[in-house]
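A closer look at the structure
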Amino acid sequence: MKIEHIVEDYGDMLLRICLITLCNKQDAQDAVQETLLRYVEQGQDFRDEEHIKAWLIRVAINICRDMKRFHMRHPQATIYDLQEYYLTENEFGIVEEVMRLPSKLKDVIYLYYIEGYKTMEISHILHLSENVVRKRMQRGREQLKLQYLEGGEL
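Now for a quick tour of the structure. (Residues numbered from 1 in each chain as written. Predicted model: local features only at pLDDT ≥ 70, side-chain atom pairs only at ≥ 80, totals over all residues. Heavy atoms only, no water.)

1. Points about the overall build of the protein chain
- A count of helices and strands for the protein chain gives seven helices and zero strands.
- In sequence order, the secondary structure elements of the protein chain are arranged as α-α-α-α-α-α-α.
- Expressed as a percentage of its 154 residues, the buried residues of the protein chain come to 44%.
- Once local pairs closer than 6 in sequence are excluded, the contacts in the protein chain between residues at least 24 apart make up 64%. (Helix = DSSP H or I, 4+ residues; strand = E, 2+ residues; numbered from the N terminus. Buried < 20%, exposed > 50% of the residue type's maximum accessible area, 1.4 Å probe, protein only. Contact = heavy atoms within 4.5 Å.)

2. A short note on the side chain of K106
- Here K106 is to be found in helix α5 (residues 103–114).
- The buried charged residue K106 lacks any salt bridge, with D107 as its nearest oppositely charged partner at 6.4 Å. (Lys, Arg positive; Asp, Glu negative; His and termini not counted. Salt bridge = Lys/Arg side-chain N within 4 Å of Asp/Glu carboxyl O.)

3. Notes on the nonpolar core
- With 43 residues, the main nonpolar core has L14, L56, I57 and L111 as its most contacted residues.
- Once residues within four sequence positions are removed from consideration, L14 is found in contact with V32, T35, L36, L56, I57 and A60. (Core = buried A, V, L, I, M, F, W, Y, C linked by side-chain atoms within 4.5 Å.)

4. Some words on the packing of helix α1 (residues 3–22) against helix α3 (residues 49–70)
- Two numbers describe how α1 lies on α3: the axes approach to 10 Å, and their chain directions differ by 35°. Where α1 crosses over α3, the two elements pack in a sense that is right-handed. Along the contact surface, α1 presents H5, I6, D9, Y10, M13, L14, I17, C18, T21 and L22, while α3 presents E49, I52, K53, L56, I57, A60, I61, C64, M67 and K68.
- Among the residues making up the contact of α1 with α3, the classes are represented as 14 nonpolar, two polar and four charged. (Axes fitted to C-alpha atoms, helices over the stretch in contact; angles between N-to-C directions. Left-handed = near helix turned anticlockwise from the far one by under 90°. Nonpolar A, V, L, I, M, F, W, Y, C, P; charged D, E, K, R; others polar.)

5. A few points about the environment of S123
- The residue S123 is located in helix α6 (residues 119–126) in this model.
- For S123, a relative accessible area of 7% puts it in the buried group.
- In this structure the C-alpha to C-alpha distance between S123 and R134, which are 11 residues apart in sequence, comes to 9.2 Å.
- Not counting chain neighbours up to four residues away, the residues in contact with S123 comprise L128, S129, E130 and V133.
- Of the polar contacts made by the side chain of S123, one reaches the backbone oxygen of M120; its length is 2.6 Å. (Polar contact = N/O pair within 3.5 Å; in protein donor to acceptor, adjacent residues only side chain to side chain.)

6. Remarks on a negative patch on the surface
- On the surface, E8, D9, D48, E49 and E50 cluster together into a patch of negative charge.
- For the negative patch, the secondary structure elements donating two or more residues are α1 and α3.
- Among the secondary structure elements, D48 is positioned in the loop between α2 (25–42) and α3. (Patch = residues over 30% accessible without salt bridge, like charges linked within 9 Å, V, L, I, M, F, W, Y side chains within 5 Å. Areas by Shrake-Rupley, 256 points an atom, 1.4 Å probe, with all protein chains shown as cover. Charge placed at Lys NZ, Arg CZ, Asp CG, Glu CD.)

7. Considerations on a nonpolar patch on the surface
- Taken together, L146, Y148 and L149 make up a surface patch of nonpolar side chains, about 320 Å² in accessible area.
- Structurally, Y148 is set in helix α7 (residues 130–151).
- Relative accessible area serves as the criterion here: at 40%, Y148 is assigned to the partly exposed category.

None of the figures reported here should be taken as evidence of function without further support.
Below, the structure written as structure tokens:
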């Protein structure tokens, strides 16, 4: 599949995933570029479009985690940099709360509720068992509920 098609079909999704993970617009853009570069260098044959999409998400998340490890003290942009990528104020408010979750919980909550993946698909993308995905979703929902009860609306 041509890189232009990959960028057109998956670029925005990858950027949103990287923004959620890194909370920094410039780092997220770098992570997306690195993901696309690895796709070009990989030259791997994929079974279908879903396999490509899952591979891109997995690589993007791994790159983001690597970047977080090395840039723990790097000044981060505010979460309001995300606002331009979401259509409604309510949608942004929900994403804002999801960003406050720990990485392990944030990834599964984001992929399930915002990108629309099923738990089985998330387990394949993140290389986790379905039980781990469901448990992280449960914990993420519990933390979001606590945030809601403490701070008001989501």
